[in-house]
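Structural characterization, general
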Amino acid sequence: MKYETVIGLEVHLQLATQTKVFCGCSTKFGQRPNSQTCPVCLGFPGSLPVLNEEAFYFSIKVALALNCQIQNLIKFDRKNYYYPDLPKNFQISQYDMPLSYNGVVYIAPQGSGERKRVRVKRVHLEEDAGKLVHPERENYSLVDFNRSGVPLLEIVTEPDIASTEEAYDYLVRLKSILKYLKVSDCDMEKGSLRCDANISVRPIGEEALGTKVELKNMNTFKGVRLALEYETKRQIGLAQEGEKIIQETRLWDSEKQITTSMRSKEEAQDYRYFPEPDLVPFVVDNAVIEKIKNSLPELPEAKANRFISEFGLSEYDAGVLTSQIDIADYFEECVKLYPNPKTVANWVTGDIMAQLNARNITMDELDVLPSSLTEILKMIESGVISGKMAKELLLESIETKSRPEDIVKKKDLFQISDTAKLEKMAKAVLKREKKSVRDYKSGKTNALAFLVGQIMRQTKGKANPAIVNEILKKELEG
Amino acid sequence: MKIIDKATVKHVALLSRLILNKDELELYSKQLASILSYISKLNEINTKDVPPTSHALATLKNVFRKDLLKPSLNTDDVLKNAPSKEGAFFKCPQVIEGK
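Summary of the structure given here.

Rules and cut-offs
Residue numbers here run from 1 along each chain, matching the order of that chain's written sequence. Here chains are named by letter from A upward and ligands by number from 1 upward, in the order in which they appear as written. Totals for whole chains, interfaces and linings use all residues, but because this is a predicted model, local features are given only for residues with pLDDT of at least 70 and pairs of side-chain atoms are given and counted only at 80 or more. To get the side-chain values, take all heavy atoms of the structure and skip hydrogens and water. Salt bridges are defined by distance alone: a side-chain nitrogen of Lys or Arg within 4 Å of a carboxyl oxygen of Asp or Glu. Only runs of H or I of at least four residues qualify as helices and only runs of E of at least two qualify as strands under DSSP, and these elements are numbered from the N terminus. Using a 1.4 Å probe on the protein chains alone, a residue whose accessible area is under 20% of its type maximum counts as buried, one over 50% counts as exposed, and one in between counts as partly exposed. For two strands to pair, DSSP has to find at least two bridges joining them.

Topic: the pattern of salt bridges
Residue and element names in this part refer to chain A. A complete count under the given rule lists 39 salt bridges over all chains for this structure. Put simply, E276 and R78 hold a salt bridge, and the shortest N to O gap is 3.0 Å. Taken together, the residues span a long stretch of sequence, with E276 in the loop between β15 (274-275) and α4 (286-295) and R78 in strand β4 (residues 77-80) at a distance of 198 residues. Residue E276 shares its accessibility class with R78, and that shared class is buried. Note that E290 is salt-bridged to K293, the shortest N-O span being 3.8 Å. Note that E290 and K293 are positioned in helix α4 at a spacing of three residues, about one turn of the helix. Residue E290 is classed as partly exposed on the basis of its relative accessible area of 40%. Residue K293 is classed as partly exposed on the basis of its relative accessible area, which comes to 42%.

Considering the pairing of strand β10 (residues 151-157) of chain A
Residues and elements named next belong to chain A. Summarising burial for β10: seven of the seven residues are buried, a large majority. Residues P151, L153, I155 and T157 line one face of β10 and the alternating positions L152, E154 and V156 line the opposite face, and both faces are buried. Direction of pairing for strand β1 (residues 3-14) relative to β10: antiparallel, over a ladder of five bridges. Note on β10: the bridge partner recorded for V11 is I155. Where strand β7 (residues 116-127) meets β10, seven bridges bridge the pair, whose relative direction is antiparallel. Each bridged residue has a counterpart across the sheet, and for V123 the counterpart in β10 is I155.

Note that every value here comes from positions in space, so none of it alone points to a role or purpose.
This is the structure:
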């Protein structure tokens, strides 16, 4: 029997507000434990939460960008459970009337060439819990409440995802949209973006869903992919053996590359939700919703389509360039300075992005001016430098943070395009490399490349290879 | 029908991380039954056409605060009432899920 996978994803996103969702404490990461806490986020009796306006409108923005409906009447609920990271013994969350629902994200996994809808079931706003630290070889845990009350957006899909590739593509696209909206740093290492998954398998053709397993503790997108791959195999294996799949939560162990059952002492989840009486309900006027909708930035998919129609880029290049907002912006700035979009696209997706990947940094961190690239491109066009020199020049410009023009002047990198000078060198080489000349004349045309190489070496790469090529050919054939 | 049975009281006690002995279970079951039957008087009112209220002041809505920093408490003060602490952390019995 053949099986198919059914996956739903749940993403938690910390919103980049200055202060917590229900109090004025800072949300800054990495500070001294319990230094950003107050009676509200420590759950002291008598303290009252008041909703952070920015967090609320960030949430609406995300909801609209994910094509969600906004709830007419938005209220908050208490989710009750006892755990040391939760000082009030309840989390302020949203239950039956989430901020928004019924959204959609379009995915297009690489290689499939198809665009697919992933329905977003709900997007709701809640507060984050504190952080637990478990010292090794000790029998106690430590609690830091700095994270308690940080605004957290929960984005839940319907079980519309049919493979690990689709899950990965959904996460990449969702993150890209969230970065465009500038509502979060989406930094997984800091826990600003976290992902859990529900996964089940069923025989192909079967309508009813199989028993689902919840996967947690996947700290990177790669981890999500590996955990889902492992879990797919495990569940199909069990199903084929005729064994029962148990509904449970499993943790991804990134070292052993396996999922393990989280034997929780807790009974079946019973959160006893009820309305949070300390917060008033919220209503967003349609006019306000329209206004926010109209103020949304151009999102990745729309931008990619525009890059294709406006700049004549390939779908692939447009997709790569628009996957990250800062790269898309950089590309457009460059095109303004050097209106040759295809060349710019090649360099940005090639050399610039190779640098980002090699250094594992963002465009902002790379800190290279659009004009640094476009100056180089102009120098290639006018024959001042060769393509090979250009690559080195870009690298040096990035590393030394200096203008390419200054480097060229300082290091005397000008390309030798002086025909008379190159002709003289060509003649000398032909006289010296008699064997290659014979080879060429007997039809081994790749001997030419060797001869060009001799001149390039002699000039330390500064000779204009096109001209050298032409001269040698003329000499050999003339 | 009993308004609350002992099994439910046990379950709620577990959710609340309370250990009840036999006498306490008996006592709380009785007391909770009494409280719940008193509250259940509210069920006699017909609320068919009344929208649910989530906040006592029905006319109040959209109460926000601006995203502006306020001073937090001093960490020493935060930890002052903690029964157990280590450095700037609260200290509690080990709670690793799955172990």
